[in-house]
Amino acid sequence: KGNKNIKSDLAKMIIPLIIVVVVLFIGKKLTNFFGGDLQEVSGDINGATNEDSIPEADTNNPNESENGRVDSTSKYFNNELINKVNYTGKTAEIDEEIYVEGYKSLLINNESEDKIKSLFASVDFTDPNYSYLLKQQIGISAKIKSETDLSALIVLEAYKDENLASTFHTKVEILNDMWSQTHIPINVTNADFLNIYIEYDGKNKVWVDSLYIDVIK
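Read on for a plain summary of the structure. What you see is a predicted model; the values in this text were computed from it and never measured.

Criteria and cut-off values
- Residues numbered from 1 in each chain as written.
- Predicted model: local features only at pLDDT ≥ 70, side-chain atom pairs only at ≥ 80, totals over all residues.
- Heavy atoms only, no water.
- Helix = DSSP H or I, 4+ residues; strand = E, 2+ residues; numbered from the N terminus.
- Buried < 20%, exposed > 50% of the residue type's maximum accessible area, 1.4 Å probe, protein only.
- Contact = heavy atoms within 4.5 Å.
- Phe/Tyr/Trp six-rings, centres within 6.5 Å; stacked < 30°, edge-to-face > 60°.
- Lys NZ or Arg CZ within 6 Å of the ring centre and 35° of its normal.
- Polar contact = N/O pair within 3.5 Å; in protein donor to acceptor, adjacent residues only side chain to side chain.
- Pairing = 2+ DSSP bridges.
- Axes fitted to C-alpha atoms, helices over the stretch in contact; angles between N-to-C directions.

## Remarks on the overall build of the protein chain
Okay, so step 1: Summing up its helical and strand segments, the protein chain has two helices and nine strands in all.
Okay, so step 2: Ordering the α and β elements of the protein chain from the N terminus gives α-α-β-β-β-β-β-β-β-β-β.
Okay, so step 3: Residues classed as buried in the protein chain amount to 36% of the 217 residues present.
Okay, so step 4: Considering only intrachain contacts with a sequence separation of at least 6, the fraction spanning at least 24 residues in the protein chain is 75%.

## Topic: the packing of aromatic side chains
Okay, so step 1: Scanning the entire structure with this criterion turns up three aromatic pairs.
Okay, so step 2: Ring geometry for Y76 and Y130: centres 5.9 Å apart, planes at 55 degrees, overall tilted. You can see Y76 sitting in the loop between α1 (2–46) and α2 (79–84) and its partner Y130 sitting in the loop between β3 (115–124) and β4 (137–146), a full 54 residues away along the chain. By the burial criterion, Y76 is buried, and Y130 matches it.
Okay, so step 3: With 5.2 Å between their ring centres and 15 degrees between their planes, Y159 and F193 make a pair best called stacked. Linking Y159 in strand β5 (residues 150–160) with F193 in strand β8 (residues 193–201), this pair joins segments that are 34 residues apart in sequence.
Okay, so step 4: Accessibility expressed as a relative area gives 18% for Y159, which makes it buried.
Okay, so step 5: The side chain of K117 reaches across the aromatic face of Y197, ending 4.6 Å from its centre.
Okay, so step 6: Of note, K145 hangs over the ring of W207, and the distance from its end group to the ring centre comes to 5.5 Å.

## Digging into the environment of S122
Okay, so step 1: Inspection of the secondary structure puts S122 in strand β3.
Okay, so step 2: The buried category is assigned to S122, whose relative accessible area is 2%.
Okay, so step 3: Along the sequence, S122 and V85 sit 37 residues apart, while their C-alpha atoms lie 8.1 Å from each other.
Okay, so step 4: When near neighbours in sequence (up to four residues on either side) are disregarded, S122 contacts Y76, L81, V85, F193, L194 and N195.
Okay, so step 5: A polar contact of 3.4 Å, which involves the side chain of S122, links it to the backbone oxygen of L194.

## Focus: unusual backbone geometry
Okay, so step 1: For N86, which is not glycine, the phi dihedral falls at a positive 60 degrees.
Okay, so step 2: Inspection of the secondary structure puts N86 in the loop between α2 and β1 (93–95).
Okay, so step 3: In the Ramachandran plot, D177 falls in the positive-phi region, its phi being about 55 degrees despite a non-glycine side chain.
Okay, so step 4: Topologically, D177 is positioned in the loop between β6 (163–174) and β7 (180–187).

## A look at the pairing of β6
Okay, so step 1: In this structure, β5 lies alongside β6, joined through 11 bridges in antiparallel fashion. What sits directly across from V155, in β6, is H169.
Okay, so step 2: Here β5 hands over to β6 after two residues, with D161 in that stretch at a positive phi of 55 degrees.

## Looking at the environment of T170
Okay, so step 1: Examined against the element boundaries, T170 turns out to sit in strand β6.
Okay, so step 2: The class for T170 is partly exposed, based on a relative accessible area of 24%.
Okay, so step 3: Along the sequence, T170 and L156 sit 14 residues apart, while their C-alpha atoms lie 8.8 Å from each other.
Okay, so step 4: Each residue touching T170, except ones within four places of it in the same chain, is listed here: A152, L153, I154 and I184.

## Notes on the side chain of N195
Okay, so step 1: You can see N195 is positioned in strand β8.
Okay, so step 2: Classification of N195 as buried rests on a relative accessible area of 2%.
Okay, so step 3: In this structure the side chain of N195 is engaged in a polar contact, spanning 3.3 Å, whose partner is the side chain of Y197.
Okay, so step 4: Sequence-distant contacts of N195, that is, excluding residues within four places in its chain, are made with V85, Y87, L119, A121, S122, V155, L156, E157 and Y159.

## Regarding the sheet that holds β1
In a beta sheet, neighbouring strands are held together by backbone hydrogen bonds and run either parallel or antiparallel to one another.
Okay, so step 1: The five strands are arranged β1-β2-β9-β4-β7 in an open sheet whose pairing can be described as antiparallel. Unpaired on one side and paired on the other, β1 and β7 mark the two borders of the sheet. In this sheet, adjacent strand axes meet at a mean angle of 35 degrees when their direction is disregarded.
Okay, so step 2: Pairing between β4 and strand β9 (residues 204–215): eight bridges, direction antiparallel. When the sheet's bridge partners are listed, S146 is paired in β9 with V206.

Laid out in structure tokens, this is it:
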């Protein structure tokens, strides 16, 4: 009976010690495990920025600026292209303060109550990079907003041998200070280039951004 009491007392002393050792061992393992993770995450955070990754500039690509930032509007609206299609009418302005992507948008600013028709994009089908768009159903996609709500026309004019070959227009509702997606499907069968305009009446401002033109798949 005395031996049983001694064994019982020893068990009561040893079991808590074993529990303490096990707890300390597990605690050390957990500290090492989570400590390693925290160090790795800290390294990722130090290398991160609040901006999207900026691709390197391609000097042969008019869709990119000198500092490497990409802007979709430059591809179909730049001085070289406007001169090549021999357009001399009203054109959009560059706005580097209000945009939804890239570093600028296209602004059509009407300061009178008269009707304005302003070029904001052109597709040169004589360029081998865009000739594949002919005889295909293509989609013209853009995000548009205005200073005040208005109904406007997107006007498309196809030219062949410097003469107007065909024209098409569609009505769009443009919202006050809210970028809305516009998508226009069109077929161009025989043309040298396609001019794209916005037309509306009255004093207002319209911004165009995220401009993409490609074959509808």
